[in-house]
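Take a look at the letters that make up each chain.
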Amino acid sequence: MTGADISNVVLVTVDSLRADATAPYDESRHTPVIEELAEEGTVFEHAFATGNWTPFSFPGILASRPVFADSGDIGVEKADTLAETLSGAGLETGGFNAANGFLTSHWGYDDGFDEFEPFVTGSSRFYSQYLAAHPTVEAWLQLAASPFRRFASKLRRDGNDKPFFDASRGLDVERSATGFIDDTDEPFFLWVHYMDTHTPYVPAPRYVREVSDSRLGTHRMLMAHTRTGLGWEVGDRTLQDLRTLYQGGTRQVDASIGRIREALSAAGVADDTAMIVAGDHGEEFQEHGHLAHYPKLYDELIHVPLIVDIPGVDGGRVEEAVGLDDIPPTVCGLLGVDGRDSWVGEDLTPTLLDGETPSGDPIVSVAVRGEEVTTQPIPRSLVEGDLLVSARTTEWTYIRNTESGEEELYYRPTDPTQQENLMGDVDADTNADADATAAIEHLRPIAERHAASLSSEGPTASGDVDEDLERRLSALGYR
């Protein structure tokens, strides 16, 4: 199949962005740019991440490989990456990551990019050593400066809606991305990764106001970060405040995506450029007892948005299950470039261009859990904890702890938050639903085969992280 009538692809990934944080998946959300992309493009209703956090999901997103499939490490050093493939086909490639320390050259993510910047090291020693490690301080500075900045904007009549402090490094990414678009005359692949919806959530006050009815809520919401940072109890009010901050961060990303779209139009390449927006994994707000994205495999962490907008092509909504490891072969399919034989994902180009139904095969996701869910350091290799594997269809979620043999089964149409484990009925063989038994028989061997296919090698790269990188990981909670 030939590619679409496009020359360029922009891949936007958003850290910790769950599907129901965006308007295409929950009409009560305020994400107008993403909503417009969805109206013009294709929405995959059941898109699933291949892991519960960035280093477990990104081997699929940028190399269409399961984490640990090629080595005991979390990176892509031994994989054929999407950027390498496209660069080899003659495209210009740019990759800009808003300071997620797991998406750096240390783990091979620069491979194939002509321009690559992870923004792990700050623009000054002070920023690198203090503000980057204490982003909530930046949020308070942004809050304090906000009234003055709004007043100055009104005087200048510039309508500037950008944050004053770049706590998430999203503006750095945006500037680099728009600069890449302006400077590139050849067909290109551009990847940008935002961190605005990753803890700690520190959106600019204007975006908090956009998603909240409370005029005075910003101060209270930032106090919610203080409470969680000090380990105080998280009650219903604090939890709601954290959710609002998270939605403010989502809207902040949404606005930045809009400015990248404007840059494409200004450069005269909007009609030649497909845009893909995806979350790399989700975020928990105590659906299963915790915050953030600790090692679990429930939908709040695995169900993510996946939206593809191709100029001149009518979109729609696709019900079948797809995985984020479908992104590399799909990008290549759109550009008419041959993918790699080693890739495990499905090329969704026939679905996007011709409306063909994707395979709908179960999507496998993994996590590694130490002795306790919240134990630090969070495992970075297979040998650092128990391997959890899930297999999903549009209706069923099966989860297996491969060390203990513990199993879980959920029927999401009637149990969307996965609270009722049906394995007890199946194991007891009393009044077990025939569909549940069939789901187990279908999904269990898929999970078992996946676990058996992973590399048993020990880690090689994760033990020698440099000081700047380790500091940034620590700031994100990855000690």
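Preceding this paragraph is the structure being described.
> Looking at this model, I keep getting lost on the overall build of the chain. Mind explaining?
Scanning the chain for helices and strands turns up 15 helices and 15 strands. A burial count over the chain gives 58% of its 479 residues as buried. On the chain, roughly 19200 Å² of surface is accessible, and the fraction owed to carbon and sulfur atoms is 45%.

> For this particular structure, what's the right way to read the packing of helix α1 (residues 32-40) against helix α9 (residues 236-266)?
Working note: a packed helix pair is described by the angle between its axes plus the distance between those axes. Following both chains from N to C, one finds α1 and α9 inclined at 60°, their axes separated by 7 Å at the closest point. On the basis of their axis angle, the class for α1 and α9 is oblique. For the pair α1 and α9, the contacting residues are Pro32, Val33, Ile34, Glu36, Leu37 and Glu40 in the first and Arg251, Asp254, Ile257, Gly258 and Arg261 in the second. Broken down by class, the residue content of the contact of α1 with α9 amounts to 5 nonpolar, 1 polar and 5 charged.

> In this structure, what is going on with the packing of aromatic side chains? I would like to understand it.
Summed over all chains, the structure comprises 16 aromatic pairs. On the basis of an interplanar angle of 65° and a centroid distance of 6.3 Å, the ring pair of Phe96 and Phe180 is categorised as edge-to-face. You can see Phe96 sitting in strand β3 (residues 92-97) and its partner Phe180 sitting in helix α6 (residues 170-183), a full 84 residues away along the chain. With a centroid separation of 5.9 Å and 80° between ring planes, the pair formed by Tyr298 and Tyr410 is classed as edge-to-face. With Tyr298 in the loop between β8 (291-292) and α10 (299-302) and Tyr410 in strand β15 (residues 407-411), this residue pair connects regions lying 112 residues apart in the sequence. Both residues of the pair, Tyr298 and Tyr410, belong to the buried class. Three or more aromatic residues joined by ring pairs form one cluster here, namely Phe58, Tyr109, Phe113, Phe116, Phe189 and Trp191. Over the ring of Phe48 we find Arg392, and its NZ or CZ is 5.6 Å from the ring centre.

> Even after reading the chapter, I still don't get the environment of Tyr194, so can you show me in this structure?
Considering the arrangement of structural elements, one finds Tyr194 in strand β5 (residues 188-194). By relative accessible area, which is 1% here, Tyr194 ends up buried. Filtering out sequence-adjacent residues up to four positions away, Tyr194 remains in contact with Val12, Thr13, Val14, Asp15, Ala98, Gly170, Val253, Ser256, Ile257 and Ile260. For Tyr194, the side chain forms a polar contact with the side chain of Ser256, separated by 2.7 Å.

> Mind showing me how you'd approach the side chain of Glu408 here?
With respect to the helices and strands, the residue Glu408 is situated in strand β15. Of note is the side chain of Glu408, whose polar atom sits 2.4 Å from the side chain of Tyr410.

> I would appreciate a short explanation of the environment of Asn100 in the present structure.
Among the structural elements, Asn100 can be located in the loop between β3 and β4 (115-117). In this structure Asn100 comes out as buried when scored by relative accessible area, which is 0%. For the pair formed by Asn100 and Ser168, sequence separation is 68 residues and the distance between their alpha carbons is 9.7 Å. Of note is the side chain of Asn100, whose polar atom sits 2.9 Å from the backbone nitrogen of Phe102.

> Got a minute to help me understand the nonpolar core in this structure?
In globular proteins that are soluble, nonpolar side chains generally tend to be buried together. Grouped together as the largest cluster of nonpolar side chains are 68 residues, with contacts concentrated most on Phe44, Leu86, Phe189, Trp191, Val331 and Leu409. The element contributing the most residues to this core is helix α14 (residues 434-453), with 6 residues. Setting aside chain neighbours within four positions, we find Trp191 in contact with Leu11, Thr13, Phe58, Leu62, Gly94, Gly95, Phe96, Asn97, Leu103, Phe113 and Phe116. Ala99, Tyr246, Ile260 and Val277 belong to the second-largest nonpolar core, a separate cluster that totals 42 residues.

> Mind showing me how you'd approach the pairing of strand β12 (residues 363-369) here?
On a regular strand, each side chain points to the face opposite its neighbour's, so the side chains alternate between the two faces of the sheet. Buried residues dominate β12, accounting for 6 of its 7 residues. Pairing of β12 with strand β13 (residues 386-392), which is carried by 7 bridges, proceeds in the antiparallel orientation. Bridging from a neighbouring strand, Val368 pairs with Leu387 of β13.

> Can you help me understand the sheet that holds β12 in this one?
Hydrogen bonds between backbone atoms are what pair the strands of a sheet, whose relative direction is either parallel or antiparallel. The strand order across the open sheet built from 4 strands is β12-β13-β14-β15, with neighbouring strands paired in antiparallel fashion. The sheet terminates laterally at β12 and β15, the two strands that pair on one side only. For this sheet, the mean angle separating the axes of adjacent strands, direction not counted, is 15°. As paired elements, strand β14 (residues 396-401) and β15 share 5 bridges and run antiparallel to each other. Residue pairing across strands places Tyr398 opposite Leu409, the latter belonging to β15. Against the sheet, α14 contacts β12, β13, β14 and β15, and its axis sits at roughly 50° relative to β14.

Criteria and cut-off values
- Residue positions within a chain follow its written sequence, with the count starting from 1.
- pLDDT decides what is reported in this predicted model: residues at 70 or higher carry local features, side-chain atom pairs at 80 or more are listed and counted, and totals for whole chains, interfaces and linings draw on all residues regardless.
- Side-chain measures were taken over the full set of non-hydrogen atoms in the model, leaving aside hydrogen atoms and water.
- Secondary structure elements are taken from DSSP: a helix is a run of H or I of four residues or more, a strand is a run of E of two residues or more, and numbering for both begins at the N terminus.
- Under the scheme applied here, a residue whose accessible area is under 20% of the maximum for its type counts as buried, over 50% as exposed, and between as partly exposed, the area being computed with a 1.4 Å probe on protein chains only.
- Throughout, the Shrake-Rupley method with a 1.4 Å probe supplies accessible areas, and for residues the shown protein chains are the sole cover considered.
- For helices, the fitted axis covers only the stretch in contact; all axes are lines through C-alpha atoms, and the angles between them, taken along N-to-C directions, range from 0 to 180 degrees.
- These descriptions rest on fixed angle ranges, namely under 35 degrees for roughly parallel, over 145 for roughly antiparallel, 65 to 115 for roughly perpendicular, and the rest for oblique.
- Whether two residues touch is decided by their heavy atoms; if any such pair falls within 4.5 Å, the residues are in contact.
- Throughout, the ten residues Ala, Val, Leu, Ile, Met, Phe, Trp, Tyr, Cys and Pro are labelled nonpolar, Asp, Glu, Lys and Arg are labelled charged, and all others, Gly among them, are labelled polar.
- Planes of paired rings set the category: under 30 degrees apart is stacked, over 60 is edge-to-face and the rest tilted, where pairs are Phe, Tyr or Trp rings (Trp by its six-membered ring) whose centres lie within 6.5 Å.
- To sit over a ring, a charge needs its Lys NZ or Arg CZ within 6 Å of the ring centre and within 35 degrees of the ring normal.
- In protein, a polar contact requires one atom able to donate a hydrogen and another able to accept it; more generally it is a pair of N or O atoms within 3.5 Å, and residues adjacent in sequence count only if both atoms are side-chain atoms.
- Here the nonpolar core consists of buried residues drawn from Ala, Val, Leu, Ile, Met, Phe, Trp, Tyr and Cys, with membership extended through side-chain atoms lying within 4.5 Å.
- Only strands joined by at least two bridges in the DSSP assignment are considered to pair.

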